[in-house]
Amino acid sequence: MPTRVLLVDDEQAFVSTMAKRLGKRGLKVYTANSGQEALDLLAGGENVEVVILDVKMPGMDGIETLQAIKAGYPLLEVVMLTGHATVESAIEGMRHGAFDYLMKPCEMDVLLSKISQAQSKKAAHETKILEARAQNIALRRGD
Amino acid sequence: VSDKHYFQSLHRSIIATVLLVSIMPLLLLVIIVAYRFDVSYKDKTLAHLQELVLKHQQNINSFLDEKLSEVKVLSEVMHFGGEQDQQRLQKLHQALSYAHQRSFVDLGLVNSSGVLKAYAGPFKLGNANYHKADWFKAVMEKDAYISDLFLGLRGVPHFIIAVKFQGGSSPWILRATIDFVEFCRLVEDISVGRTGRAFIVNREGEYQTSSRAGLPKNAPFLPTTVSSGKGGDNKRPQVKVSQAVDPSSGAEVIFITAPLKFGEWTLVFRQDAEDAFKDLSQTIRMMTMIMLVGIGAITMMALILSRRILRRIKQADQSKEMMNEQVIEAGKLASVGELAAGIAHEINNPVAIMMEEAGWIQDLLDEGLEVDENMRETQQSLKQIHTQGTRCKEITHKLLSFARKIDPMVKSVALNELVREITALSRERARFANVRIEASLASGLPNIEASPSELQQVLLNLINNAIDAMEKEGGDLIVSTRLDGDNVLLSVEDSGMGIPKANLARLFDPFFTTKPVGKGTGLGLSIIYGIINKMGGEITVNSTVDVGTAFNIRIPQMKEENRTGETDAN
């Protein structure tokens, strides 16, 4: 089952090319050109595992989008993407619950490994939650 | 030039202040003390001299009275008018000489027709006839008479005391000659200083005492008050003080006069004022000297001190100027740093895209160009790389055109063009802050005289500030230019958070910032203020909290002659 990634950046060309490259590497890629678009897409019920989010966007910026995503989908892992000038905002993003951040432009290998780490973290989380639920059910049965 | 003028006037005012403050009291003190001293010293001196003269007047008067009464008594008791007159007179003369030493030079007995009947004394006068002599006439009239000084028959200056008495049937006159030298001694011991001498004159101004060295032959210059002298001031009715200028020497002379012999004679004390007040004038000369030396010293001090102060001020000014330049430089660096960060980010985006495209092409090449539509994909990617490269080029060109204007020289600047460039540079930053930049530029704006790099700094700073103010919520930034009379108006308005009233007053102060430490230097606006001031313009700010802020800059348009000069040069 391919990892489902949502790519959010205001640069159309960047998003489309990145999507193609990730697609070639067997990932299922959704794209959005703004924070709002990304939130709409998530609200549409797409089962996304990892969000790659540009920090600096006009309108709703990366941090705001991150906060909204984390509020709505706490298990969703977000990797921040930033230029040099906004390392501080990336760190702020980490504080708001981002999985990690990457300097833009970044190497494909690095990005892929970050995505897979994030994906496995999410999977681990979900497993834990499932186990907890199962235990919960088992305990109730045991009652 | 104005600096030089300023320093000169500062120099002058320092000197003037020092001189005024230190010399005025000194001068006042000296003048007051000298005046008081002068007045009281003169009063004292004159009073002393008056006392002296008064005493001598009394002495002389009593001397004359005494002699007169002596002669009167003698004439009464001796019962002259007989045969033994000559012998008795001789005896009397001897006795008087013995008792009075030389007061009485001789004695003579004159009958009513003026013939000398008896005589005792050193001169051989024979039977002199005095009936034509003034004194004889006077004594026949008045019974007693003291004559003025005269030479008489003996040819020696002398004066006589004559008394008329009744001897037998006819009146007789006893005549005594007073020793001139003895009499003069009464006056001579009034000798004060170098020129203070006393003498006696009669109504005609003829000396009745020996004229001595330092005294003029006659006394015609005696003030009329002396010769007509009756009365005088109330305190010393007998003694009068007057001052006159001696025409022969031109010196101021003090006269103290007192009447003798019921006003027939006058005791005159005469002294050069200069001599009388010698101590006074010496003291005043000394004071003046000390004062002059003091003034000289103060003046020198003032000169040296003011020069030193001025040097310090100049140094301080220079270092302040240097500091200002450094501050402006620092501010410039800060704004350029901010700009650079913006530019770096702006370039970073196309670079990231190009790298992605390159990576994509690599992916396609790995797969083989003949597969599917890979060829077309590659071509698309290359086109995208070209597009992004063009974008980078535009950015670098903008930056270059900005950087080229680092010339700090003042020249003719087209403000609108400058505004367009800076807004273009800031547009990317504004986009991320959700700020819409709008430039409303008046056409046909005259050029202004300014340094392009400084103007850039002004605009960049204002626009950066405006964007900062709207970063949270976004908004509109309007940069507008228009012509107002001879001035060009430039305003930068934002719809940001506004500036609280408390901060407005300090807005242009150096190092005033509301940004967190490390974010702002607090220099931007103060530097702008300095730059605009230097251009002869002014900057004002209107701000309402939560509504927005407008910075209005008024810059004088270029002067006509300069403009034509510029056109010629072009």
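All of these numbers come straight from a predicted model, not from anything done at the bench.

**Notes on the side chain of B:D468**
Its location among the elements puts B:D468 in helix 10 (residues 452–470). Contact partners of B:D468, with chain neighbours within four places excluded, come to B:E338, B:R429, B:M497 and B:K515.

**Here we look at the environment of B:P157**
All names here are of chain B. Considering the arrangement of structural elements, one finds P157 in the loop between strand 3 (144–146) and strand 4 (159–167). According to the relative accessible area criterion, P157 is partly exposed, its value standing at 32%. Separated by 52 residues in the primary sequence, P157 and T209 have C-alpha atoms spaced 9.3 Å apart. Aside from chain neighbours lying at most four places away, what touches P157 is L149, F150, L151 and F180.

**Quick notes on the environment of B:A128**
All names here are of chain B. Within the secondary structure, A128 sits in the loop between strand 2 (116–120) and helix 3 (134–142). When its relative accessible area of 7% is taken as the criterion, A128 is described as buried. Residues A128 and K117, spaced eleven residues apart in sequence, show a C-alpha to C-alpha distance of 8.4 Å. Those residues in contact with A128 that lie beyond four places of it in its chain are G114, V115, L116 and L153.

**So, the interface of chain A and chain B**
If you look at the interface, chain A gives 22 residues, while chain B gives 23 residues. In total, about 2,100 Å² of surface goes out of reach between chain A and chain B, with carbon and sulfur atoms giving 55% of it. For the interface between chain A and chain B, the tally reads seven salt bridges. The salt bridge partner of A:R21 is B:D363, with a shortest N-O separation of 3.1 Å. Inspection of the region where chain A meets chain B yields eleven residue pairs in polar contact (both at pLDDT 80 or more).

What counts as what
Residues numbered from 1 in each chain as written. Chains lettered and ligands numbered in written order. Predicted model: local features only at pLDDT ≥ 70, side-chain atom pairs only at ≥ 80, totals over all residues. Heavy atoms only, no water. Helix = DSSP H or I, 4+ residues; strand = E, 2+ residues; numbered from the N terminus. Contact = heavy atoms within 4.5 Å. Buried < 20%, exposed > 50% of the residue type's maximum accessible area, 1.4 Å probe, protein only. Buried area = accessible area lost by both parts, 1.4 Å probe. Salt bridge = Lys/Arg side-chain N within 4 Å of Asp/Glu carboxyl O. Polar contact = N/O pair within 3.5 Å; in protein donor to acceptor, adjacent residues only side chain to side chain.

Honestly, that's just the spatial picture; any functional story needs more than this.
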